Amino acid sequence: MSPAGGSEGRLPDGEEWRALAVGRGSAFMLPEWFEASLEHYAEGSPEVVVDRAPDGSLRGVLPLLRRGRGLRFAGAALGDSFGPVATKEDEDRVAVATAELLGRRDYLVLDHVERGASWPLALGAAARGRLLRASTRTDVMPAIDLDGLDWEGFLAGCSRNLRSQVRSKERRLQREHDLRYRRTRDEAELDRDMSTFFRLHDERWQGRGGSSSSTTRSRAFHRDVAAA
């Protein structure tokens, strides 16, 4: 990777970075997502903003990809939500550190940013007069917070109508098909299970324009992320 920007130049190791991403519950913030994006999709150079506390502990990371004068998130077209890899409280601090990375007349595109997030505003204020253009797209995909919930716990929080529909469809599946639930627990199972996943995904979109993630490159990317 290229040298880090921000208040400290030392790049974080995978464990430091991963711990922050896991704390936010986001696969799109993982170092493995960033690395797979660079391998399969990146046409540019990585620039990773790193912000550390005075004791050297990692406060946050903002992984970007530079192409000419433009910077954006790596893998932005493949993910649902992006932002600083940091606690909510430290997002603005990492955004300000990002301003040190920006050259005069750069332009910055921030895809899939949570609506109402304050860190893009903090970044814009810190970089005022330097950026040629900044664009923020608050088009994060809908998500459900499943923290601490099992399947029954999730259903308990749904409407009575939705619970009824889900249980009815499940009973129909049990009557008409061989229905089983299991996890992929071993790396040796992964290639087979990913192939099954892709086949079912293709069948779902057949006749409706096809899947947008059916390319060889897209599938290789998702296999690498899943393996990691």
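Calculation notes
Residues numbered from 1 in each chain as written. Predicted model: local features only at pLDDT ≥ 70, side-chain atom pairs only at ≥ 80, totals over all residues. Heavy atoms only, no water. Helix = DSSP H or I, 4+ residues; strand = E, 2+ residues; numbered from the N terminus. Buried < 20%, exposed > 50% of the residue type's maximum accessible area, 1.4 Å probe, protein only. Contact = heavy atoms within 4.5 Å. Areas by Shrake-Rupley, 256 points an atom, 1.4 Å probe, with all protein chains shown as cover. Pairing = 2+ DSSP bridges.

This part takes up the overall build of the protein chain. Counting its secondary structure elements, the protein chain contains 8 helices and 6 strands. In the protein chain, the succession of α and β elements from N to C terminus is α-α-β-β-β-β-α-β-α-β-α-α-α-α. Once the C-alpha set of the protein chain is aligned to its principal axes, its extents read approximately 65 × 40 × 35 Å. Counting over 228 residues, the protein chain shows a buried share of 35%. Across the protein chain, every contact between residues at least 6 apart in sequence was considered, and the portion connecting residues at least 24 apart equals 66%. Carbon and sulfur atoms provide 49% of the accessible area of the protein chain, an area that totals close to 14200 Å².

Below, the discussion takes up the pairing of strand S2 (residues 58-67). Among the 10 residues in S2, 9 count as buried, and that is most of the element. In terms of strand pairing, strand S1 (residues 45-52) meets S2 through 8 bridges, oriented antiparallel. The residue bridging serine 45 from the neighbouring strand is arginine 66, located in S2. Between S1 and S2, which pair antiparallel one after the other, the connecting turn spans 5 residues, and glycine 56 there sits at a positive phi close to 95 degrees. When S2 meets strand S4 (residues 85-86), the two strands line up antiparallel, connected through 2 bridges. Residue glycine 60 lies in a different strand from S4, and its bridge partner there is alanine 86. As paired elements, S2 and strand S3 (residues 70-73) share 4 bridges and run antiparallel to each other. Each residue of the ladder has a partner; that of arginine 66, found in S3, is leucine 71. Linking S2 to S3, which pair antiparallel, is a turn of 2 residues; within it glycine 68 sits at a positive phi near 65 degrees.

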